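# Descriptive analysis of the structure
Below, each chain spelled out in residue letters.
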Amino acid sequence: MAYTLFQRAVETPGFPLTPADPYWILWFLPALFLWRITTPFWQLVRWPVAVSLAVAALASMSTGIGDDLQLMRVLQFLPFFVLGLRLRPEHFAYLRRTWVRVAALPVGLVALLVAYWSVPRMSTSWFFRSYSARQLDEPVWAGAAMTLILFAAALVLGACFLA
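Summarised in this report is the structure supplied together with it.

What counts as what
Residues numbered from 1 in each chain as written. Predicted model: local features only at pLDDT ≥ 70, side-chain atom pairs only at ≥ 80, totals over all residues. Heavy atoms only, no water. Helix = DSSP H or I, 4+ residues; strand = E, 2+ residues; numbered from the N terminus. Buried < 20%, exposed > 50% of the residue type's maximum accessible area, 1.4 Å probe, protein only. Contact = heavy atoms within 4.5 Å. Areas by Shrake-Rupley, 256 points an atom, 1.4 Å probe, with all protein chains shown as cover. Lys, Arg positive; Asp, Glu negative; His and termini not counted. Charge placed at Lys NZ, Arg CZ, Asp CG, Glu CD. Expected span 1.5 Å × (residues − 1).

Within the protein one finds nine helices and zero strands. Scanning the protein from its N terminus toward the C terminus, one meets helices and strands in the order α-α-α-α-α-α-α-α-α. Summarising its shape, the C-alpha atoms of the protein cover approximately 55 × 40 × 35 Å along the three principal directions. Evaluated residue by residue, the protein yields a buried proportion of 31% over its 163 residues. Long-range pairs, those at least 24 residues apart, make up 63% of the contacts in the protein between residues at least 6 apart in sequence. For the protein, the exposed area adds up to about 10,800 Å²; of that, 70% sits on carbon and sulfur atoms. Within the protein, one finds 12 positive and 7 negative side-chain charges whose respective centroids are separated by 17 Å.

Quick look at the structure:
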């Protein structure tokens, strides 16, 4: 509420004060609430990361998800939360191996080259995870593909950074 009141006072006097439509950077508050109440489910599912990736991919292909609670973004970032639930200290110990640390630098450099190449060729709206593929004027299958590609890239680059 404080952030919305600040927005009203500083920039937009008629800015709506509603908990169902969080302002810009506050999308993570309903996300944390929804993810935490679904935690018992994710702890019971056999392959929780795969299931959450399927949910995110389906969300990116759907056009019926509205703006309430920033649900599109909540569902598309869900795999990161579920992965965080499943990671254990031994997973991070793997990143301390010498060959992983040595490989992290060239992988990071290749990622920079790919990012430089792809900037003029794709919309940055994919990274916000607020829109479906159809809303970005892309084929439906591109939503699922981008969800999987961006998750894999985040996983690999996160591991490189931590290594």
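Backbone geometry at Asp137 places phi at a positive 55 degrees, although glycine is not the residue there. Within the element layout of this structure, Asp137 appears in the loop between helix H8 (125–128) and helix H9 (140–162). The class of Asp137 is exposed, set by a relative accessible area of 70%.

Right, let's get into H9. Helical geometry: 3.6 residues make up each α-helical turn, so side chains three or four residues apart lie on a common side. Compared with the 33 Å implied by 1.5 Å per residue over 23 residues, the 34 Å span of H9 between its first and last C-alpha is a close match. Restricting attention to buried positions, one finds in H9 the residues Ala142, Gly143, Ala144, Met146, Thr147, Leu150, Phe151 and Cys160.

Functional significance is not addressed by these values, which are geometric in nature.
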